[in-house]
Amino acid sequence: MVDALVNGRMLIAGGFESRRALLIDGGRIAALVGEDDPRVRQARVHDLRGALLLPGFIDTQVNGGGGALFNDEPTVEGIRRIGAAHRRFGTTGFLPTLISADLGVVATAIAAVRAAIAAKVPGVLGIHIEGPFLSEVRKGVHDATHFRALDDDIVGLLTSLTTGTTLVTLAPEVTTPATLARLAAGGVVLSAGHSNATYTDIESAFRHGLTGFTHLFNAMSPLTGREPGVVGAALYDDASYCGIIVDGRHVDPVVLRIALRAKRHDRFMLVTDAMPCVGTDQQSFLLQGRPITVRDGCCFDDQGTLAGTALTMAQAVRNAISLLGLDLAEAVRMASEYPAAFLGLGPQLGRIEAGCRANLVAADDALNVLTTWVDGEAMADQ
Ligand SMILES: [Zn+2]
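Within every chain, residues take consecutive numbers counted from 1 along the sequence as written. Since the coordinates come from a predicted model, pLDDT governs what is reported: local features require at least 70, and pairs of side-chain atoms require 80 or more to be given and counted, while whole-chain, interface and lining totals use all residues. Heavy atoms from the whole structure form the basis of all side-chain values; hydrogens and water molecules are not counted.

Draft legend 1. Expanded view of the overall build of the protein. A count of helical and extended segments in the protein gives 11 helices and 24 strands. Whereas a compact globule of 382 residues would reach a radius of gyration of roughly 21 Å, the protein reaches 20 Å, a difference of no more than 12%. With the principal axes as the frame, the protein shows a C-alpha extent of 60 × 40 × 40 Å. In the protein, buried positions account for 56% of the 382 residues. Taking the contacts inside the protein whose residues are at least 6 apart along the sequence as the reference set, 67% of them involve residues at least 24 apart. All accessible-area figures derive from a Shrake-Rupley calculation using a 1.4 Å probe, and residue coverage is judged against the displayed protein chains alone. Summing over all exposed atoms, the protein offers an accessible surface of approximately 14500 Å²; the carbon and sulfur share of this is 50%. When the 32 positive and 41 negative side-chain charges of the protein are each reduced to one mean point, those points stand 4 Å apart. Helix numbers and strand numbers start at the N terminus; a helix is a DSSP run of H or I with at least 4 residues, a strand a run of E with at least 2. Using C-alpha atoms as the atom set, the radius of gyration is obtained and then compared with a globule rule of 2.2 Å times the number of residues to the power 0.38. Three exposure classes are used, based on accessible area relative to the maximum for each residue type with a 1.4 Å probe and protein chains only: buried under 20%, partly exposed in between, and exposed over 50%. The contact rule is simple, with two residues in contact once any of their heavy atoms fall within 4.5 Å. By the counting rule applied here, Lys and Arg register as positive and Asp and Glu as negative, while His and the ends of each chain are not counted. To locate a charge, take NZ of a lysine, CZ of an arginine, CG of an aspartate or CD of a glutamate.

Draft legend 2. Summary view of the environment of Leu 170. When you line up the elements, Leu 170 lands in strand β13 (residues 165-170). In sequence terms Leu 170 and Leu 150 are 20 residues apart; their C-alpha atoms lie 8.6 Å from each other. Once residues within four sequence positions are removed from consideration, Leu 170 is found in contact with Phe 133, Leu 134, Leu 150, Leu 180, Leu 183, Leu 190, Ser 191, Ala 192 and Gly 193.

Draft legend 3. Representation of the sheet that holds strand β4 (residues 20-25) in the model. The four strands lie next to each other as β5-β4-β1-β6, forming an open sheet whose pairing is mixed. The strands lining the two open edges of the sheet, one partner per strand, are β5 (28-34) and β6 (44-47). Pairs of neighbouring strands in the sheet enclose a mean axial angle of 25°, with direction left out of account. When DSSP finds two or more bridges between a pair of strands, those strands are recorded as paired. For helices, the axis comes from a line fit to the C-alpha atoms of the stretch in contact; other axes are also lines fit to C-alpha atoms, and the angle between any two N-to-C directions lies between 0 and 180 degrees.

Draft legend 4. Structural detail: the coordination of the zinc ion. Protein coordination at the zinc ion comes from Glu 130 (OE), His 194 (NE2) and His 215 (NE2), with a distance range of 2.0 to 2.2 Å. Judged by its relative accessible area of 2%, Glu 130 is buried. Residue His 194 is classed as buried on the basis of its relative accessible area, which comes to 4%. Sites may look incomplete because water is not among the atoms; the donors themselves are N, O and S atoms within 2.8 Å of the metal, or within 3.2 Å for Na, K and Ca.

Draft legend 5. Examining the packing of aromatic side chains more closely. Pairing of aromatic rings covers Phe, Tyr and Trp, the last through its six-membered ring, and needs centres within 6.5 Å; plane angles under 30 degrees mean stacked, over 60 mean edge-to-face, and all others mean tilted. Under the criterion given, the structure shown has two aromatic pairs. Note on Phe 206 and Phe 213: the rings are 5.9 Å apart at their centroids and 80° apart in plane angle, and the pair reads as edge-to-face. Judged by its relative accessible area of 1%, Phe 213 is buried. Between the aromatic rings of Tyr 241 and Phe 342, the centroid separation amounts to 5.4 Å while the plane-to-plane angle is 45°, which identifies the pairing as tilted. Highlighted residues: Tyr 241 in strand β16 (residues 241-244) and Phe 342 in helix α11 (residues 337-342), separated in sequence by 101 residues. Across the pair, exposure class does not vary: Tyr 241 and Phe 342 are buried alike. Cation over ring: Arg 295 sits above Phe 300, and NZ or CZ is 4.4 Å from the ring centre. Only when the NZ atom of a Lys or the CZ atom of an Arg is both within 6 Å of the ring centre and within 35 degrees of the ring normal do we say a charge sits over the ring.

Draft legend 6. Just helix α7 (residues 229-236), in detail. Counting buried positions along α7 yields seven of eight residues, so the element is predominantly enclosed. Looking at the buried residues of α7, the elements they touch are α6 (199-207), β15 (210-213), β16 and α8 (253-262).

Encoded structure:
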């Protein structure tokens, strides 16, 4: 049965369009047609009553949600719970993100994601392995006792997920260019983060497959007058993608506005870096045995170190508009089209266009999510 979504304000390549129907067939967007097209009459029609219809949000960095922390529940059910919690806020694609742990836990997490993809858990696109190949100097809330060099013998583990995308956040200075190249050749998306690298280190890493930066500005060597650092390398390079946490706390909005002036907007992606509290009223949780407190949408350990967020993608989009001065269309693309492109999934995800997977969000003007669709299936979360 073909589904037709009508009477929505749809974000397509040229901007918002209100006089078209979107046809969904076999989990994909079959066509955008006039609302009087005969195919609409033959379809099961859903009246969006003037709501926004947006490409589903893609969160490349999500540690938890719905009370589940991926590190503690690297299981199909844990991934399902995280996905369901974030879907209520418009996320229809996500990478469950593992914070630095021992390699045994990394292996378990990869196996869980493989099983979740096989079980068709809605929205899971792969895995984000954030560490343990990180710099102690820029550890943030990560437990440095797990940190280790990234040797060639770990390449096999990190390239073992063949049915989804693997994103690895690493400090390029704790590995070698040859190992980076092997990971990239194995299909791993490489992002620098928790790194004290020099500009020269990052330049070399670009030549060996680095394409991204994890939570730009946080936990990385800063831009200074005589050493551009990781931040300077990220902003100066035209091609690479930067994840940004737009919660008003992790990075000052003025600093993010400067970043947006330095580089094409389509190289920025909104991430939540969310913790298990999202979708719950939890005010605290444990991260690797350490108590974390949730305050004003942010998470802190007992030293006051930022430990992720209680951010949702819908709120990140709202913040990108209110704090960064972006228009709705561009803020939404930073949450959908650009992360899809970063992951190499651009041809099938992140846009409302014929042929793309029907991963969609209907929302009101305040970005309260009304309905989501994952691969054409309307989700009953709201
Ligand atoms: Zn981090």
